[in-house]
Each structure stands twice: as C-alpha cells, then as structure tokens.
Amino acid sequence: MLGITDLTTYLIGTLIVILLPGPNAMYVLSVAAQRGKRAGFAAAGGVVSGDFILMTLAATGAAGLLQANPALFAVVKYIGGGYLAWLGVNMLKSGIQAWRRARRGDESPAKASALSGGHPYRKALLISLMNPKAILFFVSFFVQFVDPAYPHPAVTFAALGAIVQCCSIANLSMLILLGDKLAAAFRRRRKLTAALGGSVGAVFVGFGAKLAAASL
C-alpha cells in the first residue's frame, strides 16, 4: 500500500494536473456556457468515462505496451493530435463566421460547430480519450504509485482511480456552474460568444500540437 508521503505526493500531483487547463475542462466549460447545465453534466460524464477507460488500460498493461513500442505510441498521438486539431480548426471557422454575422446584425442561428454540436457525452468521451494531459498522466505518473510487490495491486489501482475521479468531478462541477452563470451573458453578446468559440478553437489546435509532440 501507499505510504503517507507517496499518497500526499500523488494527491498533489493529481490536483495540479486536473487544475491545469486541458481539452476536457475547456470542452465542459464551453458546453455548459452554450447549452446549459444539463449538457455540461452530460459532457462531464463523458470525461469521467474516458478517464476510467484510460486508467483501466494503464492498470492492464497498456502503459507498458506504449512505452515498449514507440511506433504504436506515435500512431496514437498523431491520431489524437489530428483529431483535437480538427476540432480546433472547425471551432475557429465557426467563431469567425459568427463574428461576421454579429457585425452584420444577422440574427439567424449559427451552425453548430464540431465542438459544440453533437451529443455532449459522446463528444466528451472521445475528447477525453485523446486528451494529451490525461494520456501522459495515466501512462507516466499514475502507474508509478502502484507497488508491484503488494499482493492486491487492484486495490491500489482502485484507490488511486477514486482519488482522480473525485478530484475531476469536483473540478468539472465547478466549471459547469461557472459556465451556466456565463450563459446569459453569452446569449446577449453574440460577439463575445464568437470570440469565446474562436479562442477555444485556437486552444484545441494547441492541444493537438502538444499531443503530436508528446513523448513518454
């Protein structure tokens, strides 16, 4: 089992990683701001499910497989990076189009972007699985705190996973409440909404580039 020192180190590291902005948090905040709390919590469910899948893969040896096979990790990171960049480019395009409509005074509804459209749970699940921060966390950090000599490693994995999920749920819930508070302002100010969408798109392009450049 983990000692107090190891547990404290793990908890601090987990909190730092979760509080740093990433694709999961940006998506949940954007969905809550654009579509309300219900959609925001659906997106949060997708994030939690994605993280559970990643930690299960780490627990069953996928982390070691990626570390031992650089070519496989390269395929994963380029596919994931490309997907995040594709989302970002489409979000940028939608933001620019919305900004132009707002300047013209066009009140017609904007076309759903690649980020805001679709079912929030499914979109968040896929974004979570492609999240560079989460992949590197579970592959490189998470597995280091499991003692192979301990006779019940599944217990350790479950405890570590529960810590991650509790911290993540708390953080996402605060983001959803914040996004819901911002929703009214965004509905009144279309230029602000367009600027937010374009900014989130640019951030997602950066996330894609970061994943493509990642190394274990």
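Everything here concerns the structure above.
Residues numbered from 1 in each chain as written. Predicted model: local features only at pLDDT ≥ 70, side-chain atom pairs only at ≥ 80, totals over all residues. Heavy atoms only, no water.

1. Considerations on the packing of helix H2 (residues 23-35) against helix H3 (residues 37-59)
In contact at an axis separation of 7 Å, H2 and H3 are set at 160° when each is read in the N-to-C sense. When the axis of H2 is compared with that of H3, the two are roughly antiparallel. Remark: the crossing between H2 and H3 carries right-handed chirality. Contact residues: H2 offers Asn24, Tyr27, Val28, Val31, Ala32 and Arg35, while H3 offers Ala39, Gly40, Ala43, Ala44, Val47 and Asp51. When grouped by side-chain class, the residues that make up the contact of H2 with H3 number 8 nonpolar, 2 polar and 2 charged. (Axes fitted to C-alpha atoms, helices over the stretch in contact; angles between N-to-C directions. Helix = DSSP H or I, 4+ residues; strand = E, 2+ residues; numbered from the N terminus. Parallel < 35°, antiparallel > 145°, perpendicular 65-115°, else oblique. Left-handed = near helix turned anticlockwise from the far one by under 90°. Contact = heavy atoms within 4.5 Å. Nonpolar A, V, L, I, M, F, W, Y, C, P; charged D, E, K, R; others polar.)

2. Side note on the side chain of asparagine 24
Structurally, asparagine 24 can be placed in helix H2. The class for asparagine 24 is buried, based on a relative accessible area of 8%. The residues contacting asparagine 24, other than those within four sequence positions of it, are Val47, Asp51, Ile127, Ser128 and Asn131. (Buried < 20%, exposed > 50% of the residue type's maximum accessible area, 1.4 Å probe, protein only.)

3. Description of the packing of aromatic side chains
By the definition in use, this model includes 7 aromatic pairs. An angle of 10° between the planes, with centres 5.9 Å apart, marks the rings of tyrosine 10 and phenylalanine 141 as stacked. With a gap of 131 residues between them, tyrosine 10 in helix H1 (residues 4-19) and phenylalanine 141 in helix H7 (residues 132-141) connect regions that are remote in the sequence. According to the relative accessible area criterion, phenylalanine 141 is partly exposed, its value standing at 23%. Measuring from ring centre to ring centre gives 6.2 Å for tyrosine 83 and tryptophan 86, while their planes differ by 25°; the resulting arrangement is stacked. Taken together, the residues tyrosine 83 and tryptophan 86, both in helix H5 (residues 70-104) and 3 residues apart, mark about one turn of the helix. Of the aromatic side chains, those joined through ring pairs into one cluster are Tyr10, Phe137, Phe138, Phe141, Phe142 and Phe157. (Phe/Tyr/Trp six-rings, centres within 6.5 Å; stacked < 30°, edge-to-face > 60°.)

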